[in-house]
Structure formats: C-alpha cells, structure tokens
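Here are the chains, one letter per residue:
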Amino acid sequence: WVGSKQPGKGITSFTFDEETGKLTATGIVVEQQSPTWLEPDASGKFLVATHELSHHTGVEEGVGFVTSYKVLPGGVLEKINTAATGGRGNTCAAFDRTGKFLLVTRYWEGGISILPFDTDTGHIGKKTAAPTHSGTGPHPLRQSGPHPHGIHGDPLTDRVYAMDLGTDFVHQYQINTKDGTLTQDGTVHMGAGSGPRGMNFHPSKRIAYVNCELSGTVVACTIDDVKGLIPFQTICAYEDSFVGKDHPDNLGKADFWGAEAVITKDGRFYIYICRVNHSLAVLSIAEDGKLTFTSRHALAERSNARNLTLDTSGKFLLVASQDADCVESFRISFDNGHLERVDSQFAPCAADVAVI
C-alpha cells in the first residue's frame, strides 16, 4: 500500500513480486484524507494510517485522527474505526513494545498522543496521554517552537522516544503498559539545528540511529536500559563538497534536508533519503555500530522522497517519491549495499509505503 499527502486521494493498493521487485496496481484506492504514515501491526492483520492535517488546509487546532483498517485478501482494506489524536500534524504513528498502544505525533501543536490498540480487533481507543513539548531551535523558520515529527517505542523496554524537529531534542518517556499513561524520562540533544525527525533500531545491537532532517545528519546512539540514548557518532549523509543551503531544491529551507531512513534486514547497511539532491545515501554499519558513507543512488527527478520501507523478504527497498508521484523499487545487494532500480509505478503524491 502507498499512502499519500494532499492532493493525493488516499491509500493505493499494489501487488508486489518478491522475485523481481515489480509492482502492479490493483485498482483499489481507499479514500482517506492525507494518510502520510502507514503502520502495520505486528500480526499483519491490521494497518493504521495517520491523517496529516494542518492549518495550511484550514484545519482548526486540536483536530487530528488515525484510522485502523483490517487487511483482507487481494489488498482490500476494511475500515475498523477512526480515533481522535487531539491535534494536527499526525506525521508518524508507531506501536509500543507490547503492540497494545499507538504512539502518534502532533507536529503542528508540539506534542504526542498515546491511544490504546486492541490487538484482537484492531480497534483504536480514546487517547490516554497527550503531553506537549516546549522550546525552540536556532532555525527561525523551522524551529520557532516544538514540532515532534517521529515517535517510536523501544523494542525491548517500555521507553518511548519522540524526535522533536523544532527543539533538536529526543524526548524520552516511560509508558505504563497497563493504562497508557506516560512519565517523562529525560531529553537527549542531537545537535544545534539538527532537526531530529525519526529513528531506526538496529536488528541485533542495542543501537538506535536518529535521522535529522535539517542538518542532513545521522546520530548513532547506544541504548542504555537505564539512561536511554547515548550519542557516540554524528555523520552527514551528504558529501562534504555539497552545498545544501539556498539550493533551489532545498524546500526544507535549512542547511540540508533529509527524510526517513531504513536499516537493511541483515543489519549491515543504513539507507537515508537526501531530499535536496533527490538521492539515497547508503552507509555501512561497522561491528561497533559506527557508520561510513558507502554509495549514493539517484531517485526519480525532483522526487522529494518522504519515506521508504523494506519488502518482507528484505531483498527490495520501496521508496515513496512524493513530488514525482511514484513509488520506486530497488534491489538491494547484500554484498555492498548497492541499489538497483527495478521498477517505478504511478502513485499520486506518494508519502509512505507499507508491505504485508
């Protein structure tokens, strides 16, 4: 499934060939307003979609939603329910360690929300917590206030991490898995003007990688079960010679501009979307978790790619190229992380991809 940002019409369904990496549109489109983040539950029976609403489209403060769907044969999505998040800018939705709580950002209103999720029925309940952040960052346009862009639950503990692009901090919380309430658990600074956006957990190491939008960097952090994140490396996904500031394609209006990232299934490579030069940066992951730039691969012209995901086999990478109105498929080399484009299909204002 490929989600979309306005003016896209909703969630477009495709079949995917795990041998060739080819996509085929099914003709099924589930109409929903701005489903920019798609999150399957652990069982693969349900799919959650955010509604990324904002003041730019005339939506009032305090209005935001997430919708749950049941996955049926043939790529059909059957709506279960829509739940209120309490605020605009639901840019990310993820599950906590138990899968029983949905974690959602409220980008435009500077906070996050927690909602219970019934793992048997896929029903989303009423929010149980909705803390609001405070603070600013050095960038006058993008960091005039808090803007949580990503949120993820630690896979081994009850800690929740909220990446606040507006303040340069990752906010840490402990979630009570009985009632869905949150307790603050400190903050970790990612660097002035970095604009932390998302996070990826290494599949076998206690290491998390924070992708930063405004600086085009990745911050590698060890995960301490008591303290949380401990940064040990910051690396830019752009070449040293590349000048991102004032570049005509730098719509993020900061020094650089990045989006989401993914770690290959074998844990050997980290792949980051560079939006200014419409490319994918591949970085190798060493035994100690440190990153080294390996290669760069072009996306569709003026792609402004927003998100990406692996297929279930881990052999292919699927990229939502928003401004190019397409979803792109790349074969991943397990030898060196090299990416080979094998397909591209029309998907209006593509914003995210989910594969079950």
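Up top you'll find the structure we're talking about.
Residues numbered from 1 in each chain as written. Predicted model: local features only at pLDDT ≥ 70, side-chain atom pairs only at ≥ 80, totals over all residues. Heavy atoms only, no water.

(A) Structural view of the nonpolar core. Val66, Leu102 and Ile124 are the most contacted members of the largest nonpolar core, which has 24 residues in total. Those elements that provide at least two residues to this core are β5 (46-51), β8 (93-95), β9 (101-106), β10 (111-116), β12 (159-164) and β13 (169-175). Broken down by element, this core gets its largest block of residues, 4 residues, from β9. With 20 residues, the next largest nonpolar core counts Ile207, Phe242, Trp257 and Ile263 among its residues. (Core = buried A, V, L, I, M, F, W, Y, C linked by side-chain atoms within 4.5 Å. Buried < 20%, exposed > 50% of the residue type's maximum accessible area, 1.4 Å probe, protein only. Helix = DSSP H or I, 4+ residues; strand = E, 2+ residues; numbered from the N terminus.)

(B) Representation of unusual backbone geometry within the structure. Here the residue pair Gln6 and Pro7 is connected by a cis peptide bond, since its omega of 15° sits within 30 degrees of zero. The residue Lys253 is not glycine, and still its phi comes out positive at about 60°. Residue class for Lys253 comes out exposed when judged on its relative accessible area of 52%.

(C) Layout of the state of the cysteines. Tallying each qualifying case throughout the model produces 0 disulfides. Of all cysteine sulfurs in the structure, the one in Cys274 sits closest to Cys236, which takes part in no disulfide; the separation is 7.4 Å. The partly exposed category is assigned to Cys236, whose relative accessible area is 23%. For Cys274, a relative accessible area of 0% corresponds to the buried category. (Disulfide = S-S within 2.5 Å.)

(D) Expanded view of the environment of Phe65. Secondary-structure assignment places Phe65 in strand β6 (residues 65-71). For Phe65, a relative accessible area of 29% puts it in the partly exposed group. Along the primary structure Phe65 and Gln33 are separated by 32 residues, whereas in three dimensions their C-alpha atoms are 9.7 Å apart. Among residues more than four places away in sequence, those in contact with Phe65 are Thr50, His51, Leu53, Thr82, Ala83, Ala84, Thr85 and Asn90. (Contact = heavy atoms within 4.5 Å.)

(E) Here's a closer look at the sheet that holds β13. The strand order across the open sheet built from 4 strands is β11-β12-β13-β14, with neighbouring strands paired in antiparallel fashion. Here the strands that pair on one side only, and so sit at the sheet edges, are β11 (148-153) and β14 (182-189). This sheet shows a mean twist of 20° between the axes of neighbouring strands, independent of strand direction. Both β11 and β12 contribute to a ladder of 5 bridges, which runs antiparallel. Bridge assignment links Ile151 to a residue of β12, and that residue is Ala162. (Pairing = 2+ DSSP bridges. Axes fitted to C-alpha atoms, helices over the stretch in contact; angles between N-to-C directions.)

(F) Quick look at the pairing of strand β25 (residues 326-332). With 6 of its 7 residues buried, β25 lies for the most part within the structure. Pairing between strand β24 (residues 316-321) and β25: 6 bridges, direction antiparallel. Counterpart to Leu318 in the pairing with β25 is Ser329. Between β24 and β25, which pair antiparallel one after the other, the connecting turn spans 4 residues, and Asp325 there sits at a positive phi close to 55°. Both β25 and strand β26 (residues 339-346) contribute to a ladder of 7 bridges, which runs antiparallel. Pairing of Phe330 across the sheet is with Arg341, part of β26. Two successive antiparallel strands, β25 and β26, enclose a turn made up of 6 residues, where Gly337 displays a positive phi of approximately 80°.

(G) Geometry of the packing of aromatic side chains. Applying the stated criterion to the full structure yields 8 aromatic pairs. With centroids separated by 5.5 Å and ring planes inclined at 45°, the aromatic side chains of Tyr209 and Tyr270 adopt a geometry described as tilted. In this pair, Tyr209 is assigned in strand β16 (residues 207-212) and Tyr270 in strand β20 (residues 269-274), connecting sequence segments 61 residues apart. Here the two residues Tyr209 and Tyr270 agree in accessibility, since each one is buried. Aromatic side chains Tyr238 and Phe242 sit 5.3 Å apart centroid to centroid with 15° between the ring planes, which places their arrangement in the stacked category. Taken as a pair, Tyr238 and Phe242 share a single burial class, namely buried. Taken together, the aromatic side chains of Phe46, Phe95 and Phe117 make up a single cluster linked through ring pairs. Here the basic side chain of Arg275 rests over the ring of Trp257, its NZ or CZ set 4.0 Å away from the ring centre. (Phe/Tyr/Trp six-rings, centres within 6.5 Å; stacked < 30°, edge-to-face > 60°. Lys NZ or Arg CZ within 6 Å of the ring centre and 35° of its normal.)

(H) Expanded view of the side chain of Asn81. With respect to the helices and strands, Asn81 occurs in strand β7 (residues 77-84). Judged by relative accessible area, Asn81 falls into the buried class, the value being 12%. Engagement of the side chain of Asn81 in a polar contact is seen with the backbone oxygen of Ile124, the distance being 2.9 Å. Each residue touching Asn81, except ones within four places of it in the same chain, is listed here: Val66, Thr67, Ser68, Gly122, His123 and Ile124. (Polar contact = N/O pair within 3.5 Å; in protein donor to acceptor, adjacent residues only side chain to side chain.)

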